[in-house]
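# Commentary on secondary and tertiary structure
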Amino acid sequence: MLFTAQQLATVLKGTVEGDPSVSVHDYAKIEEGKPGTLSFLSNPKYEHYLYETAADIVLVNNDFKPTKPVKATLIRIPNAYLALATLLQLVEQNKPRKTGIDPTAQIASTATIGKDCYIGAFATIGDNVVIGDNTQIYAHCAINDGVKVGSDTLLYNHVTIYQQCKVGDHCIVHAGAVIGADGFGFAKNPDGSYFKMPQNGNVIIEDNVEIGANTCIDRGSMGPTIIRQGVKLDNQIQIGHNVEIGNNTAMAACSAVAGSTKIGKDCIIAGFVGIAGHLEIADNTTIGAFSGVSKSIKTPGQVYHGAIAVPAMQNKKSFAVYRHLPDLQKEIYALQKEIALLKEQKNID
Amino acid sequence: MLFTAQQLATVLKGTVEGDPSVSVHDYAKIEEGKPGTLSFLSNPKYEHYLYETAADIVLVNNDFKPTKPVKATLIRIPNAYLALATLLQLVEQNKPRKTGIDPTAQIASTATIGKDCYIGAFATIGDNVVIGDNTQIYAHCAINDGVKVGSDTLLYNHVTIYQQCKVGDHCIVHAGAVIGADGFGFAKNPDGSYFKMPQNGNVIIEDNVEIGANTCIDRGSMGPTIIRQGVKLDNQIQIGHNVEIGNNTAMAACSAVAGSTKIGKDCIIAGFVGIAGHLEIADNTTIGAFSGVSKSIKTPGQVYHGAIAVPAMQNKKSFAVYRHLPDLQKEIYALQKEIALLKEQKNID
Amino acid sequence: MLFTAQQLATVLKGTVEGDPSVSVHDYAKIEEGKPGTLSFLSNPKYEHYLYETAADIVLVNNDFKPTKPVKATLIRIPNAYLALATLLQLVEQNKPRKTGIDPTAQIASTATIGKDCYIGAFATIGDNVVIGDNTQIYAHCAINDGVKVGSDTLLYNHVTIYQQCKVGDHCIVHAGAVIGADGFGFAKNPDGSYFKMPQNGNVIIEDNVEIGANTCIDRGSMGPTIIRQGVKLDNQIQIGHNVEIGNNTAMAACSAVAGSTKIGKDCIIAGFVGIAGHLEIADNTTIGAFSGVSKSIKTPGQVYHGAIAVPAMQNKKSFAVYRHLPDLQKEIYALQKEIALLKEQKNID
């Protein structure tokens, strides 16, 4: 399909700067723009590509001021990134969607499957499972006994959901994710071996949650592990037993939260962050990449960072000196010599 | 089922403090206790919940001294956590267990399956595989040629065991774990490309081992990778080729051990710990979360911690100063000024 | 099969030192050598095993000089490690290889399968998939619509390849790897919830790439994520959307690269390394284990290391002082006292 700059500007409620009749049939990153493609500029870091791109149309923010001549037609809107997302989602929604129940899927007679679901090849659906309408379960998923999955949810291949766990509506779970495996709970026997604490809780995932590939969310030992509405978890994240993550918190890849920690709403947790168990992290906390959090964060809205996380500004200062520690040490030795010299002179005096 | 405080105390060999006739039918965490539930108090951090909980019975350690009035009936035993575990395991053992061989499972004619096993839908069991009695293999597991799995072992969904690996008795392997993939061994060719070193060893997992979801244990390049009796590995752990982990060592989520390292018995390794290759870690070593271990630890019983792990007490001290490095630097500058002033005065004198 | 030292030396173009007629039928690590086995010595750290091993033949480097008497027959070659690899590969190539298409595999009618492929039980091959010759796809793999897999490639169990991704020739993908899941891209809505950015790109994996177990490579949001020829990725690695990794770069387990970062050729990236998004890492860069890289590395051939990665030599120096920070602080306090004393004396003067 071909769209003109004018048509796109109308859909996006933006204004055209340049030729309104130029048309595009595909999109591309700005540094890879070709004739006939639409692109966008949001991160100022990429501004220089705007002056070289061969894309015919570029979406830019209203407040963007070019510093050189631009060949492409610009469409100005309040948020270029969001505008592109809107367009791409329109395209996405028009894509054909998988439907029907594959004859090889193994569905327990006691399971209830909603309307217009897709159940892929070799998927297994256990006893008393309930699946909502329009949900898609890709090939090879294992949905164990008593699980509930909401409506309009999408489970990609090889997802495992252990018994009795719940996944809400409008969720996306990527391939290989494991929901509801046993929490890591053991007690020492007198002979040094471990005694397994039964993990009889479950996992409750509310609506609009996205869970990345190979991410694991352990079931509670007693009571649930809870992932609240709108949470977004990237790939290879580990969530321990009885953790609770508040609404709209986002966590990047390879981060981990140990058991019973409660994370607030609207937090942003970068990649490779480890959060110890039994802590509370206040709402709106931001934690920088590669941080270890070993104490509760009680004041909302703070930014933390560091190998043992401390407020980011403090860490930045400490690290700035850390990098110059060898010089600092030399200076101390120099001081020592000078003082020795001073004292000697004093004695000579 | 209803149990009275007196009945529970008799089973647990504890003493009742309060009404012995009060009865419970379920358990709950102490902060979520409701009438009719049993709870426990072990971590002193949660003591304040004891005075508020609506649970009717609470298990406490013999030496616990309440500092406020308690409404619940207490049962005193030596270890409240272990006592609860015992009760929960009794409940667990009475749960129905999956049995039978699903007709869709694909079992090689040369494989041997023990008595009373469960083999779930679409599981694949390769040539010459041997499975012990009472073992449960959930749907979608891939057990490759020549693998041996012991008795009373439980493999959850989507477990992969590569050819020739061995898993002992009474083990639990969680969903998505991969046992026996190739170790990461390459040699450089003269043109800069890599030459793959064949990985012809296997993995030997002894008895009573638990392996977390999506954890990977690589096969040895020559000879085995060995996980000794009673080892407990959490989720998303990576164990390199030819590693050996000693009896009853426990390792929390997201930790990794590089090739050929030998870890002793009874070690406790927290989450997000990286241990370099070709090291030896002594028995009874404890390594704190988010530590990198780049040298062997030869003295048993030590506690290590830190981004490059050093003994924990040393790290705590260094980190305490690290956080105040900017102040330290200012003090040095102040000293320099003072000395300059002293010298100047000397000259004036 | 039995081979004499002379036969092996002829194949490897090496020279025999000791009895050329001694024969072996298996290989073993040098510390586990038994009569009838071949071993090798490459890492000088293991030299002491050479004098004790019961292996009958040991491959050593031409320049190796024993410091004690050696019982085993030695074969000298330029590179003992590579020589062993060559021998093991010969053995490997003679092993029987899986062939044929399992009747339970579900292959779309529009898919094209090359000659002499192996497709294991319950594998799913989607619409318009193209698989090259001699490729092996193990049981339970999910190859989604429009995927292309080259020739002589090997996919172990439970590999997921999302729609439209491409894998080259002579690749190996280990169990549980997920190729092409959505990148982690969201924009904030005014109400604090997240808006999912569609991820319409794909993943392109070129030839001779090896991908470890449970490793995830996300699809591009627009355009591809690219893994160039000869790249070797270990287990549990996370590659974000639109990342590009250059030829023959190797990355050890548990490392992660955030979105849009471009890594050069011939880099060596150790385990547990986190690389932030939108960076460029020059060719031939080496990054030590447990490092966080937050800035581009523009000069090729450097070695970086550290929790916030800085050039390795600088980090080594800083860390050496870091470990002695408490002493350093004491010295500063001592200096302060001395100066105070000096001043006092001055006043007394």
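Rules behind the numbers
Residues numbered from 1 in each chain as written. Chains lettered and ligands numbered in written order. Predicted model: local features only at pLDDT ≥ 70, side-chain atom pairs only at ≥ 80, totals over all residues. Heavy atoms only, no water. Helix = DSSP H or I, 4+ residues; strand = E, 2+ residues; numbered from the N terminus. Rg over C-alpha atoms; globule rule 2.2 N^0.38 Å. Buried < 20%, exposed > 50% of the residue type's maximum accessible area, 1.4 Å probe, protein only. Lys, Arg positive; Asp, Glu negative; His and termini not counted. Charge placed at Lys NZ, Arg CZ, Asp CG, Glu CD. Least-squares fit on C-alpha atoms with pLDDT ≥ 70 in both. Pairing = 2+ DSSP bridges. Contact = heavy atoms within 4.5 Å. Axes fitted to C-alpha atoms, helices over the stretch in contact; angles between N-to-C directions. Expected span 1.5 Å × (residues − 1). Polar contact = N/O pair within 3.5 Å; in protein donor to acceptor, adjacent residues only side chain to side chain. pLDDT = per-residue confidence, 0-100. Salt bridge = Lys/Arg side-chain N within 4 Å of Asp/Glu carboxyl O. Nonpolar A, V, L, I, M, F, W, Y, C, P; charged D, E, K, R; others polar. Buried area = accessible area lost by both parts, 1.4 Å probe. Domains from an automatic or database assignment. Parallel < 35°, antiparallel > 145°, perpendicular 65-115°, else oblique. Phe/Tyr/Trp six-rings, centres within 6.5 Å; stacked < 30°, edge-to-face > 60°. Lys NZ or Arg CZ within 6 Å of the ring centre and 35° of its normal. Disulfide = S-S within 2.5 Å.

### Concerning the overall build of chain A
- Of regular secondary structure, chain A possesses 5 helices and 40 strands.
- Scaling as 2.2 N^0.38, a compact globule of 349 residues should have a C-alpha radius of gyration of about 20 Å, whereas chain A reaches 28 Å, well beyond that.
- Its C-alpha atoms put chain A at 100 × 75 × 30 Å along the principal axes.
- The buried share of chain A, taken over its 349 residues, is 56%.
- Here chain A contributes 30 positively and 33 negatively charged side chains, and the mean placements of these two sets differ by 5 Å.

### Focus on the relation of the copies chain B and chain A
- Least-squares fitting of chain B to chain A yields an RMSD of 0.2 Å, with the transformation described by 0.1 Å of translation along the axis and a rotation of 120°. As the rotation angle and translation indicate, the two copies are arranged about a three-fold axis.

### Things to note about the sheet that holds strand β5 (residues 37-41) of chain B
Residue and element names in this part refer to chain B.
- Pairing is mixed in the open sheet, where 5 strands are placed in the order β2-β7-β6-β5-β4. The sheet is open, and its two edges are formed by β2 (15-17) and β4 (26-27), each paired on a single side.
- Helix-sheet contacts for helix α1 (residues 5-12) involve β2, β5, β6 (57-61) and β7 (73-77), and the interaxial angle to β7 is about 5°.

### Here we look at helix α3 (residues 80-93) of chain A
Residues and elements named next belong to chain A.
- Taking 1.5 Å of rise per residue, 14 residues should cover 20 Å, and α3 covers 20 Å from first to last C-alpha, within 8% of that figure.
- Turning to α3, its buried residues number three or more, namely A80, A83, L84, A85, L87 and L88.
- Taking the backbone nitrogen of Y81 as reference, a side-chain oxygen 3.1 Å away marks N79 as the first, capping residue of α3.

### A closer look at the confidence of the model for chain A
- Looking at chain A, the pLDDT average stands at 92 and 98% of residues meet or exceed 70.
- The ipTM value of the predicted complex is 0.87, and its pTM value is 0.89.

### Observations regarding the interface of chain B and chain A
- Each partner contributes residues to the interface: chain B has 63 residues there, and chain A has 72 residues.
- In this structure, the connection of chain B to chain A is made through 3 salt bridges.
- Where K196(A) meets E210(B), a salt bridge forms, and the shortest distance between an N and an O atom there is 2.9 Å.
- The tally of links from chain B across to chain A stands at 20 residue pairs in polar contact (both at pLDDT 80 or more).
- Elements represented by at least two residues in the side of chain B that touches chain A include exactly α3 (80-93), β28 (232-233), β31 (250-251), α4 (312-322) and α5 (325-348) of chain B.
- Here the side of chain B that touches chain A takes 11 residues from α5(B), the largest share from any one element.
- Among the residues forming the side of chain B that touches chain A, the class breakdown is 35 nonpolar, 15 polar and 13 charged.

### Details of the pattern of salt bridges
Residue and element names in this part refer to chain A.
- On inspection of all chains with the given rule, the structure shows 25 salt bridges over all chains.
- Two residues, K196 and D182, come together in a salt bridge whose shortest N-O distance is 2.8 Å. With K196 in strand β23 (residues 194-196) and D182 in the loop between β21 (178-179) and β22 (186-188), this pair connects stretches of sequence that are 14 residues apart.
- In this structure K196 comes out as buried when scored by relative accessible area, which is 17%.

### A closer look at the interface of chain C and chain A
- Residue-level contacts link 73 residues of chain C with 63 residues of chain A.
- A buried area of about 5,700 Å², summed over both sides, lies between chain C and chain A, and 63% of it is on carbon and sulfur atoms.
- The largest per-residue losses of area from chain C upon contact with chain A belong to F184(C), Y194(C) and M222(C), which jointly make up 13% of the total buried on that side.
- For the interface between chain C and chain A, the tally reads 3 salt bridges.
- Between D266(A) and K188(C) there is a salt bridge, with the nearest N and O atoms lying 3.9 Å from each other.
- Remark: the boundary between chain C and chain A carries 20 residue pairs in polar contact (both at pLDDT 80 or more).
- For the side of chain C that touches chain A, the elements supplying multiple residues, two or more each, are β22 (186-188), β23 (194-196), α4 (312-322) and α5 (325-348) of chain C.
- Per-element tally for the side of chain C that touches chain A: the top contributor is α5(C), with 10 residues.

### Here's the deal with the domain arrangement of chain A
- Domains assigned within chain A are domain 1 (3-93), domain 2 (159-308) and domain 3 (321-349).
- Taking only C-alpha atoms into account, the centre of domain 1 of chain A sits 38 Å from that of domain 2 of chain A.

### Regarding the packing of helix α1 (residues 5-12) of chain A against α3(A)
All names here are of chain A.
- Direction vectors running N to C along α1 and α3 enclose 100°, while the axes themselves pass 11 Å from each other. The orientation of α1 relative to α3 falls into the category roughly perpendicular. Of the residues in α3, those in contact with L8, V11 and L12 of α1 are A83, L87 and L90.
- Looking at the contact of α1 with α3 residue by residue, the class counts come to 6 nonpolar, no polar and no charged.

### What to know about the packing of aromatic side chains
- Scanning the model with the defined rule gives 30 aromatic pairs over all chains in all.
- Ring centres of F272(A) and F290(A) lie 5.0 Å apart, and the angle between their planes is 65°; on these two criteria the pair is classed as edge-to-face. Remark: F290(A) occurs in the loop between β37 (286-287) and β38 (292-293) and F272(A) occurs in the loop between β34 (268-269) and β35 (274-275); sequence separation between them is 18 residues. There is no split in this pair, since F272(A) and F290(A) are both buried.
- Joined through ring pairs, the aromatic side chains of F272(A), F290(A), F272(B), F290(B), F272(C) and F290(C) make up one cluster.
- The lysine or arginine in question, K188(A), covers the ring of Y194(A), its NZ or CZ lying 4.5 Å from the ring centre.

### With respect to the side chain of Q236(A)
- Relative to the assigned elements, Q236(A) resides in the loop between β28 (232-233) and β29 (238-239).
- A distance of 2.6 Å separates a polar side-chain atom of Q236(A) from the backbone oxygen of N214(C).
- For Q236(A), the contacting residues outside a window of four places in its chain are A213(A), N214(A), T215(A), C254(A), S255(A), Q236(B), N214(C), T215(C), C216(C), Q236(C), I237(C) and Q238(C).

### Comments concerning the pairing of strand β7 (residues 73-77) of chain C
Residues and elements named next belong to chain C.
- Of all 5 residues in β7, 5 are buried, a share of seventy percent or more.
- Relative to β7, strand β2 (residues 15-17) runs antiparallel, the two being bridged by 3 bridges. Of the residues in β7, the one forming a bridge with V16 is I75.
- Where strand β6 (residues 57-61) and β7 come together, 5 bridges link them in parallel fashion. Within the sheet, the bridge partner assigned to L59 lies in β7 and is I75.

### Some points on the sheet that holds strand β13 (residues 130-131) of chain C
- With respect to topology, 9 strands assemble into an open sheet ordered β10-β13-β16-β19-β24-β27-β30-β33-β36 (chain C), the strand pairing being parallel. Here the strands that pair on one side only, and so sit at the sheet edges, are β10 (112-113) and β36 (280-281) of chain C.

### Overview of the pairing of strand β24 (residues 202-205) of chain A
Residues and elements named next belong to chain A.
- Two elements, strand β19 (residues 166-167) and β24, share 2 bridges in a ladder whose sense is parallel. Within β24, the residue paired with K166 across the bridge is I204.
- When β24 meets strand β27 (residues 224-227), the two strands line up parallel, connected through 4 bridges. By the bridge assignment, V203 is partnered in β27 with T225.

### Some thoughts on unusual backbone geometry
- The backbone of H170(B) sits at a positive phi, close to 55°, despite the residue not being glycine.
- As for its position among the elements, H170(B) is in the loop between β19 (166-167) and β20 (172-173).
- For Q236(C), which is not glycine, the phi torsion reads 50° and is therefore positive.

### Structural notes on the state of the cysteines
- Evaluation of the coordinates by the stated rule reveals 0 disulfides over all chains.
- Free of any disulfide, C117(A) has its nearest neighbouring cysteine sulfur in C141(A), separated by 13 Å.
- Distance from the sulfur of C267(A), which forms no disulfide, to the nearest cysteine sulfur (C254(B)) is 19 Å.

### Considering the environment of A139(C)
- Structurally, A139(C) can be placed in the loop between β14 (136-137) and β15 (142-143).
- Among the residues examined, A139(C) registers a relative accessible area of 6% and is labelled buried.
- When the C-alpha positions of A139(C) and A252(C) are compared, they lie 26 Å apart, and in sequence the two are 113 residues distant.
- Beyond its immediate sequence surroundings of up to four residues, A139(C) is in contact with T124(B), G120(C), A121(C), N157(C) and H158(C).

### Quick look at the environment of T112(B)
Residues and elements named next belong to chain B.
- The topology assignment puts T112 in strand β10 (residues 112-113).
- When the C-alpha positions of T112 and V129 are compared, they lie 6.2 Å apart, and in sequence the two are 17 residues distant.
- When neighbours within four sequence positions are excluded, T112 is seen to be in contact with V129, V130 and I131.

### Re the side chain of T73(C)
Residues and elements named next belong to chain C.
- Inspection of the secondary structure assignment puts T73 in strand β7.
- Here D19 takes part through its backbone oxygen, which lies 3.1 Å from a polar atom of the side chain of T73.
- Sequence-distant contacts of T73, defined by excluding residues within four places in its chain, comprise A5, V16, E17, G18, D19, V22, D56, I57 and V58.

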